[in-house]
Amino acid sequence: MPVHTSGSSQGSPGRGAGLGLALASALAFGGSGVAAKPLIEAGLDPLHVVWLRVAGAAVVMLPLAVRHRALLRRRPALLAGFGLLAVAGVQACYFAALSRIPVGVALLIEYLAPALVLGWVRFVQRRPVSRAAALGVVLAAGGLACVVEVWSGLSFDPLGLLLALGAACCQVGYFVLADQGTEAGEEAPDPIGVIAYGLLVGAAVLTVVARPWTMDWSVLAGSAHLNGTAVPAFALLAWIVLVATVVAYITGVLSVRRLSPQVAGVVACLEAVIATVLAWVLLGEHLSAPQVLGGAVVLVGAFIAQSSTPGKGSAEPVASGGAERELSARGTAA
């Protein structure tokens, strides 16, 4: 099901659809932690939960991978890069960081990715960056600091911070690679195929890292507790696989195709807000006043960055999704 957006991705209808997809992706990704935490508390290792998530999604997407098998010949480097960075790299680095530094600190560092995307655009692609996009990133990063209450448990473990920064860099790879081929018309790599093979590659890599043969599989046959309510563990796993991974990646990649890596990256910061709100509602982890304020600031930052996208053919800086995407034009080299 190819999606060609080169003609509409910069106009208002395409931008509106892109924003809706980005919000849906943030909502889907944001629900992963709420469903994963009860499984971890029930006895599963965090890395095993990540493997179940990615491997399950890879199995679901396998028929689509077969359908788009031509991508293996046309874009092998893109598929390998997406699997290594956007799937395995983000997940493995983030969960490894959690073992050394507080969750809030790791999450904040990971969501420095929008700022790193702007750095890629400005210094690697050598394209101008709009002030609105930069302001949106600053506001979103500041709001995230409040949402995760970074001051409540700051740790300076060097390796932990390096791993969290690695997760942020891998997330940059997710946004940049998701944008590959947008301007290639009929030759654009199908985003669904890229996701399917990315999940397969990610599952293969994580199998080596997580060693699922050591997992306590009996946990999945029992129940986990969601704020005191017993829920079948397999139901939580199904949510993580189908919604928090398959739906999240599909809507996320499609949103990048319609917006731009940097704008979609800022909107993706809402994932932290959504995760915090869902934890409040479903897990009883109450929000503090700074968290509520931080969530509002993230919303403002995301709106400013999204609304800065110029129309097709605009002379404004392309950092907000202008028509001349140098990286996409070189997409066939990936």
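This structure is a prediction, so every number in the text was calculated from the model and none was measured. (Residues numbered from 1 in each chain as written. Predicted model: local features only at pLDDT ≥ 70, side-chain atom pairs only at ≥ 80, totals over all residues. Heavy atoms only, no water.)

Before we move on, could you go through the overall build of the protein chain and cite the residues and values that matter?
Each helix and strand in the protein chain was counted, giving 15 helices and two strands. The buried share of the protein chain, reckoned over its 334 residues, is 54%. Taking all contacts inside the protein chain whose residues are at least 6 apart in sequence as the whole, residues at least 24 apart take part in 86%. For the protein chain, the exposed surface amounts to about 13800 Å²; the carbon and sulfur share of it is 69%. (Helix = DSSP H or I, 4+ residues; strand = E, 2+ residues; numbered from the N terminus. Buried < 20%, exposed > 50% of the residue type's maximum accessible area, 1.4 Å probe, protein only. Contact = heavy atoms within 4.5 Å. Areas by Shrake-Rupley, 256 points an atom, 1.4 Å probe, with all protein chains shown as cover.)

Can you explain the packing of aromatic side chains? Please cite residues and give values.
Under the counting rule described, the total for this entry stands at six aromatic pairs. Consider the rings of Y174 and Y249, whose centres lie 5.9 Å apart with planes at 80°: the pair is edge-to-face. A residue pair is termed long-range when its members are at least 10 positions apart, and Y174 in helix α9 (residues 158-178) and Y249 in helix α11 (residues 233-258) qualify at 75 residues. On the accessibility criterion, Y174 (6% relative accessible area) is buried. Relative accessible area serves as the criterion here: at 3%, Y249 is assigned to the buried category. Here a set of aromatic residues connected by ring pairs shows up, and it is made of F29, F82, Y174, F175 and Y249. (Phe/Tyr/Trp six-rings, centres within 6.5 Å; stacked < 30°, edge-to-face > 60°.)

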